[in-house]
Structure formats: structure tokens, C-alpha cells
Amino acid sequence: QVQLVESGGGLVQAGGSLRLSCAASGRTFSTYAMSWFRQAPGKEREFVAAIERNGGSTYYADSMKGRFTISRDNAKSTVYLQMNSLKPEDTAVYYCATTGTYYPGRSTGLYPYWGQGTQVTVSS
């Protein structure tokens, strides 16, 4: 079992920045890849970014490339999502997720472990 807890969401003006955190517990953090997803009101949950176990490889949705950066601190069992140049369309609940092992891709159905989410609201 893996437990995930997100934090760092809030209200920010367009063009601003936020850093989300996701603290993991239950298994040795360095043994599994981590991903971020988001879900806007009335929309399906979508992939944002992912990072491999050792942080050596990262993956991004095209619309986030160059604005968002995923990173991890295995000593703190935490994954981060630095979000810059935020836009109103980035408003969503942001979730971290994992399979507990490998990075499986971008489909939400492949992930058994999810956090409760943190709200990000970007005002225009």
C-alpha cells in the first residue's frame, strides 16, 4: 500500500507560480515512479507530468512543457510540481498518483494509488 498526501494548492493570479508537494508513505519511495494529474470542473482527469524512480527521466503533457517542472526528493519521500506562468485554464484539482512500482503511462486507469487532491485556482 502507498499513501499520498498533496499540499500547496491555492489561489494565484494569472502569470504567477505555485509549487505543489505530494508526500508519500507506505513503501520505500525511491522504488516507484510518481505522476501528477489534474481534473478541471466538468472535465476528465488528465495527465500532467511523471518522474521515474531515480528522477532520471521525466514526462510532460504537451500543454505543460516549459511551464511545469516535476521533481522528487527521495530522502523526503516527496514529489513536487513547480508550476510557472499559470493560466486560468490551469484551474483544477491536482492529484499525485503512482502504481507503487513502474511508470505505466498516462491513463488514469493504470494507477491504483491516488492522493486526495489539492485545489489550484488561477484568476484572470
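Please refer to the structure higher up on the page.
Residues numbered from 1 in each chain as written. Predicted model: local features only at pLDDT ≥ 70, side-chain atom pairs only at ≥ 80, totals over all residues. Heavy atoms only, no water.

Engineer: Looking at this model, I keep getting lost on the side chain of Thr 118. Mind explaining?
Structural biologist: Mapped onto the fold, Thr 118 is located in strand S11 (residues 118–123). Aside from chain neighbours lying at most four places away, what touches Thr 118 is Glu 6, Ser 7, Gly 8, Gly 9, Leu 20, Ala 92, Val 93 and Tyr 94. (Helix = DSSP H or I, 4+ residues; strand = E, 2+ residues; numbered from the N terminus. Contact = heavy atoms within 4.5 Å.)

Engineer: How do you make sense of the state of the cysteines when you look at a structure like this?
Structural biologist: Simply put, disulfide is the name for a covalent bond between the sulfur atoms of two cysteines. Applying the stated criterion across every chain yields a total of 1 disulfide. Paired through a disulfide, Cys 22 and Cys 96 show a sulfur-sulfur distance of 2.0 Å. Its S-S torsion of about 65 degrees marks the bond between Cys 22 and Cys 96 as right-handed, since a negative value means left-handed. Note that Cys 22 is positioned in strand S3 (residues 18–25) and Cys 96 in strand S9 (residues 92–98), a separation of 74 residues in sequence. (Disulfide = S-S within 2.5 Å.)

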